[in-house]
Amino acid sequence: MPDSESSIAQNESIGILVSPKELLEIKEKADMGIEPYRTNVIEFLSFINDLNKASAQWEDLPEEVKIVGRSSSDPIQLSSTGGKLVYGLAIAWHLTGDESYALKAKKLILDLTSTYNYQNEEEKEFHWGAQGILNLSRGGTPYIYAADLLEGWAKWTPADKLKYQVWLKEVMYPKVAWASRYRKNNWGVAGSFSAALIAYYLMDHTEWRLEEISPEVIRLSPKEAFAAHNRLQIGRQKTTKEWKFDAKVGLWGILSNGAIPEEIRRGDDPIDGDHLPSDGSGTHYTMTYIEHLTAHAEFLHRLGNNTIYDNIEKDGSGSLLKAYHFVIDNPKGSHCFTSSRINALYMAYNYYKDPAMLLSLENCGPGNISGQRLALFGRLTHPLIE
């Protein structure tokens, strides 16, 4: 792992999933009519413009957020839709130079800073396991991507950034850190990535302590929290007893054949099978887990740390690459990643240069331009170049 302070100093050029420099290169190639850049940019801007227009009808965020019906789409600002909008607006600003995109992204980010609670509406008070934890982990994390892309813009002031950082520290971090430390499934993957990314974004406040309330009280510096949640993400992939977390079945982690039992159990397929016979919930939740983990892997890769991309235990378990192969390159039965989740595959292929991934992208793509929840806009930012 590179020195944390030097990583922060380079933050503007590194980017979380894409940098301003890379976006400028994409823009220049699109302007010259080079494919797939031209088509990707046109499709991306059309998507963001339509979503931005639709957002005018969204209800304002209440200060005390309560999640209705345990919905992953409530409030819409913390849904996958809201995450795509705020991050997409920041990207669109870099691609077009139109400051109205950045201004809207700033407003959406700062709107979060007056919110708190995130309990289930039917509960009398907040409880650990509330849907709001997952909504913050998945829908709230792309707001950090957006804020990172606003860095250096005169209208994203130090006071704006500090206000957002305080909210991340006080409201979002304790909740996503719980998921990071407790959950084995995709909730935990999203939680570990979110908690690590928050810690990274707060590293300029070396004196701050990030407080975790559950499953035990812990106070960590941003640097300590960053290391802890990256370590938890690696541990989550393990199949050994000490890394069981809250697994609901007798197998857990990423098995040596690439299967993810904690996600497969949510469908009708056997958790110890050699492939996924159906295209049901277990298959789709497996793709979701992989999508979340790829976003974390890509973020660390940009910092010079390939531990998630390269992770594999002595028995062959714990491998993200094998998890991809279990789905897309399985001799007993393969599946295409869905049109949104396939955006993660663009990012992963950019790292692995794996022939099976390339074949799957060619046969199953191009997919939509937006992505699912965390590995967003992969087709735009990590285009498949022939």
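Only a predicted model underlies this, so the values are computations on that prediction, with no experimental measurement involved.

Novice: Describe in detail the nonpolar core, supporting the description with residues and values.
Specialist: Core analysis: the largest hydrophobic core is formed by 113 residues, its most contacted members being F44 and Y164. Counting residues per element, this core draws most heavily on helix α9 (residues 186–201), at 10 residues. Once you skip the residues sitting within four places of it in the chain, F44 turns out to touch G88, I91, A92, L95, I369, F377 and L380. Formed by five residues, the second largest nonpolar core is a distinct cluster that contains I133, W178, A179 and W187.

Novice: Kindly report on the state of the cysteines, identifying the contributing residues and their values.
Specialist: This structure, assessed with the given rule, holds one disulfide. In this model, C336 is linked to C364 through a disulfide, with the two sulfur atoms separated by 2.0 Å. For the disulfide bridge between C336 and C364, the dihedral angle about the S-S bond is near -65°, and by the sign convention the bridge is left-handed. Note that C336 is positioned in the loop between α14 (320–328) and α15 (342–352) and C364 in helix α16 (residues 355–364), a separation of 28 residues in sequence.

Novice: Let's hear about helix α12 (residues 281–302): which residues, and what values?
Specialist: Three- or four-residue spacings in an α-helix give side chains the same orientation, since the helix completes a turn every 3.6 residues. With 22 residues, α12 extends 32 Å between its outermost C-alpha atoms, agreeing within 8% with the 32 Å of an ideal straight helix rising 1.5 Å per residue. With 18 of 22 residues buried, α12 lies mostly within the body of the structure. Just past α12, the residue G304 takes up positive phi, approximately 85°.

Novice: Describe empty space enclosed by the protein, and please don't skip the residues or the numbers.
Specialist: Considering all chains together, one arrives at one cavity of 30 Å³ or more under this definition. Along its surface, the largest cavity is lined by S72, L78, S79, S80, L134, N135, R138, G139 and R373. Looking at the lining of the largest cavity, the element that brings in the most residues is helix α7 (residues 131–150), giving four residues. When grouped by side-chain class, the residues that make up the lining of the largest cavity number two nonpolar, five polar and two charged.

Novice: Before we move on, can you summarise α16 with the specific residues and values?
Specialist: For α16, the set of buried residues is A356, M357, S360 and L361. Angular distribution of buried residues about the axis of α16 spans 135°; they occupy a single face of the element. Exposed side chains of α16 directed beyond 90 degrees from the buried face belong to P355 and N363. Where α16 is buried, its residues meet α14 and α15.

Novice: With reference to specific residues and values, describe the packing of helix α6 (residues 99–112) against α7.
Specialist: Where α6 contacts α7, the two axes come as close as 10 Å, and the packing angle between them is 130°. Classed by the angle they form, the pair α6 and α7 counts as oblique. As α6 runs across α7, the sense of the crossing is left-handed. Together, A102, A105, K106, L108, I109 and L112 of α6 and Y143, A146, A147 and L150 of α7 make up the contact between the two elements. For the contact of α6 with α7, the residue count by class is nine nonpolar, no polar and one charged.

Analysis parameters
Residues numbered from 1 in each chain as written. Predicted model: local features only at pLDDT ≥ 70, side-chain atom pairs only at ≥ 80, totals over all residues. Heavy atoms only, no water. Core = buried A, V, L, I, M, F, W, Y, C linked by side-chain atoms within 4.5 Å. Buried < 20%, exposed > 50% of the residue type's maximum accessible area, 1.4 Å probe, protein only. Helix = DSSP H or I, 4+ residues; strand = E, 2+ residues; numbered from the N terminus. Contact = heavy atoms within 4.5 Å. Disulfide = S-S within 2.5 Å. Expected span 1.5 Å × (residues − 1). 1 Å grid on protein atoms, 1.4 Å probe; cavity = no way out; pocket = protein on both sides within 12 Å on 5 of 7 lines; lining within 4 Å. Points joined across faces, edges and corners; volume = space filled by probe spheres on them. Nonpolar A, V, L, I, M, F, W, Y, C, P; charged D, E, K, R; others polar. Arc of directions from axis to C-beta. Axes fitted to C-alpha atoms, helices over the stretch in contact; angles between N-to-C directions. Parallel < 35°, antiparallel > 145°, perpendicular 65-115°, else oblique. Left-handed = near helix turned anticlockwise from the far one by under 90°.

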